[in-house]
Amino acid sequence: VNYVTKTIIEVTAALIVTGGRVLAARRGPGKHLEGYWEFPGGKLEQGETPEACLERELTEEFGIGSTVGAFIGESLYDYGEKVVRLLGYEVEHAAGEFELVDHDELRWLEVDQLADVKWAPADIPLVELYEARARTVGYYATNAIEYCEETIKFDVDDLYRPFLEHLLPGAHILDLGCGSGRDSKALRKLGYTVTSIDGSAEIATWASVFTGHPVAVKSFQQIDYKEEFDGVWASASLLHCPKAQLQDVIQRILAALKDQAVAYMSFKWGESPSVDDRGRHFTNHTTHSLGLLLEGIHYAEILELWDSEATLRGQPQRWVYAIVRKRGVQV
């Protein structure tokens, strides 16, 4: 589709989640896309940030107060007369009761109910992003103890070596998506200072007990450190980050690093995303696709990029690894 000759309208969308259910709103009679369901939001006004737009729109449309969180992703859809660029954000319902103005019905949908309504075309990619994320998060919330007890037994000592070769003794490492805390504990034992974070509150609680150190609950999209770390260890964690968000997340990782510092990351080998039998979403890579992604990111210098095969749960599993150095000063 040639979008160059058409005006692109930027519109925000709120993914309001409460008790594991997400809010869907149906467009009212006489409205564009009447009868279709959407994530509520609205058109950005000149000079307005997406966050300010969402807070304003949710007050105007529903009479509620809100707090805008992490960026979820975007979609681009050609409606013929216009092209909509839809920007989705996590939003917390902060105050007020919902009132209907532009919509005639609201529903709080479980993940398994997302297909029960007819979504506006531009919202469908955001629905898919939310579903993948919700199923993955749901798995770890439900199976935190089993997952942690299983993964602390994995022997990954050989993977530390190429990463630690770039660090000085006592360096400060961010263990991003620390899981059970296995690597945080091992790196501390080797004399490094470690800050551990994980996106699952249940896993973070388990890991903090296992390691004897606090583990912050923070998603990839919420990484907001600035030039604090000598290294970032993202072992088998970014593989759950949706492809549409991965470049932004890696840029956040680079922002968290000091100049000349390094980040390690690993992904399952694959030409396209996948979902396993546990309902978890994976963003897979080949050495070629990961190399292309990293080459397109400012301040990222690929130091090493390789693949190898390992045994996981009794089955051979091919993995892709990268070590990236932050070069230059982030603007």
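My aim in this report is to walk through the structure given alongside it, one point at a time. (Residues numbered from 1 in each chain as written. Predicted model: local features only at pLDDT ≥ 70, side-chain atom pairs only at ≥ 80, totals over all residues. Heavy atoms only, no water.)

## Here we look at the overall build of the protein
No. 1: Scanning the protein from terminus to terminus reveals eight helices and 16 strands.
No. 2: Against the globule reference of 20 Å for 331 residues, the protein gives a C-alpha radius of gyration of 21 Å, in line with a compact fold.
No. 3: Expressed along its principal axes, the backbone C-alpha trace of the protein runs to roughly 65 × 45 × 35 Å.
No. 4: Counting the 331 residues in the protein, one finds 48% classified as buried. (Helix = DSSP H or I, 4+ residues; strand = E, 2+ residues; numbered from the N terminus. Rg over C-alpha atoms; globule rule 2.2 N^0.38 Å. Buried < 20%, exposed > 50% of the residue type's maximum accessible area, 1.4 Å probe, protein only.)

## Thoughts on the side chain of T211
No. 1: Locating T211 in the fold gives a position in helix α6 (residues 201-211).
No. 2: Given the relative accessible area of 13%, T211 is considered buried.
No. 3: Contacts of T211, omitting those with residues within four sequence positions, involve G181, S184, K185 and R188. (Contact = heavy atoms within 4.5 Å.)

## So, helix α5 (residues 182-189)
No. 1: Taken residue by residue, α5 has R182, D183, S184, L187 and R188 as its buried positions.
No. 2: On its buried face, α5 sits against α3 (144-151), α4 (157-164), β8 (172-176), β9 (193-198), α6 and β11 (229-234).
No. 3: G191 sits one or two residues past α5 and shows a positive phi near 100°.

## Focus: the packing of aromatic side chains
No. 1: Scanning the entire structure with this criterion turns up 15 aromatic pairs.
No. 2: Here R280 stacks its cationic end above the ring of Y139, 5.1 Å away from the centre of that ring.
No. 3: The ring of W269 has R318 lying over it, and the distance from NZ or CZ to the ring centre is 3.5 Å. (Phe/Tyr/Trp six-rings, centres within 6.5 Å; stacked < 30°, edge-to-face > 60°. Lys NZ or Arg CZ within 6 Å of the ring centre and 35° of its normal.)

## Description of the environment of I64
No. 1: Residue position: I64 is located in the loop between α1 (50-62) and β5 (65-78).
No. 2: The exposure class assigned to I64 is buried, which follows from its relative accessible area of 2%.
No. 3: Taking the C-alpha atoms as reference points, I64 and E97, separated by 33 residues in sequence, lie 6.2 Å from one another.
No. 4: Excluding anything up to four places from it in sequence, I64 contacts I16, L58, T59, H93, A95, G96, E97 and F98.

## With respect to the packing of α3 against α6
No. 1: Contact pair α3 / α6: the axes reach a minimum separation of 9 Å and the direction vectors enclose 45°. With respect to their mutual orientation, α3 and α6 come out oblique. Along this stretch, α3 crosses α6, giving a crossing that reads as right-handed. Taking contact as the criterion, the partners of A144, I145, Y147, C148 and E149 in α3 are, on α6, E202, I203 and W206.
No. 2: Residue composition of the contact of α3 with α6, grouped by class: six nonpolar, no polar and two charged. (Axes fitted to C-alpha atoms, helices over the stretch in contact; angles between N-to-C directions. Parallel < 35°, antiparallel > 145°, perpendicular 65-115°, else oblique. Left-handed = near helix turned anticlockwise from the far one by under 90°. Nonpolar A, V, L, I, M, F, W, Y, C, P; charged D, E, K, R; others polar.)

## Some details on the nonpolar core
A general tendency of soluble globular proteins is for nonpolar side chains to be buried together.
No. 1: Core analysis: the biggest nonpolar cluster contains 49 residues, and L176, L238 and M265 have the highest contact counts within it.
No. 2: Take this core: its biggest share by element is seven residues, from strand β12 (residues 257-268).
No. 3: Those residues within four positions of L176 in sequence are excluded, and the remaining contacts are I197, F220, I223, V232, W233, A234, S237, L238 and I253.
No. 4: Within the second largest apolar cluster, 24 residues are counted, among which are V111, L114, W119 and A122. (Core = buried A, V, L, I, M, F, W, Y, C linked by side-chain atoms within 4.5 Å.)

## Quick word on the environment of A95
No. 1: Note that A95 resides in strand β6 (residues 83-95).
No. 2: It is 41 Å that separates the C-alpha atoms of A95 and S272, two residues lying 177 residues apart in sequence.
No. 3: Each residue touching A95, except ones within four places of it in the same chain, is listed here: I64 and G65.

## Quick word on the pattern of salt bridges
No. 1: All chains considered together, the criterion is met by 24 salt bridges.
No. 2: Measuring nitrogen to oxygen at the nearest pair gives 3.3 Å for the salt bridge that ties E57 to R56. Per residue, the accessibility class of E57 equals that of R56, and both read buried.
No. 3: Among the salt bridges present, the one from D158 reaches R161, with a minimum N-O distance of 3.5 Å. In this pair, D158 and R161 are both assigned in helix α4, three residues apart and thus about one turn of the helix distant.
No. 4: Its relative accessible area of 57% is what places D158 among the exposed residues. (Salt bridge = Lys/Arg side-chain N within 4 Å of Asp/Glu carboxyl O.)

## Describing the pairing of β9
No. 1: Bridge count for β8 against β9 is five bridges, and the pairing is parallel. Its bridge partner lying in β9, L176 is registered against I197.
No. 2: Read as a crossover between parallel neighbours, the route from β8 over α5 to β9 is right-handed.
No. 3: As defined by bridge partners, β9 adjoins strand β10 (residues 215-217) across three bridges and the pair is classed as parallel. Residue pairing for β10: D198 is matched across the bridge by V217.
No. 4: In this fold, β9 hands off to α6, which returns the chain to β10; that crossover is right-handed. (Pairing = 2+ DSSP bridges. Right-handed = clockwise from strand over helix to strand, strands pointing away.)

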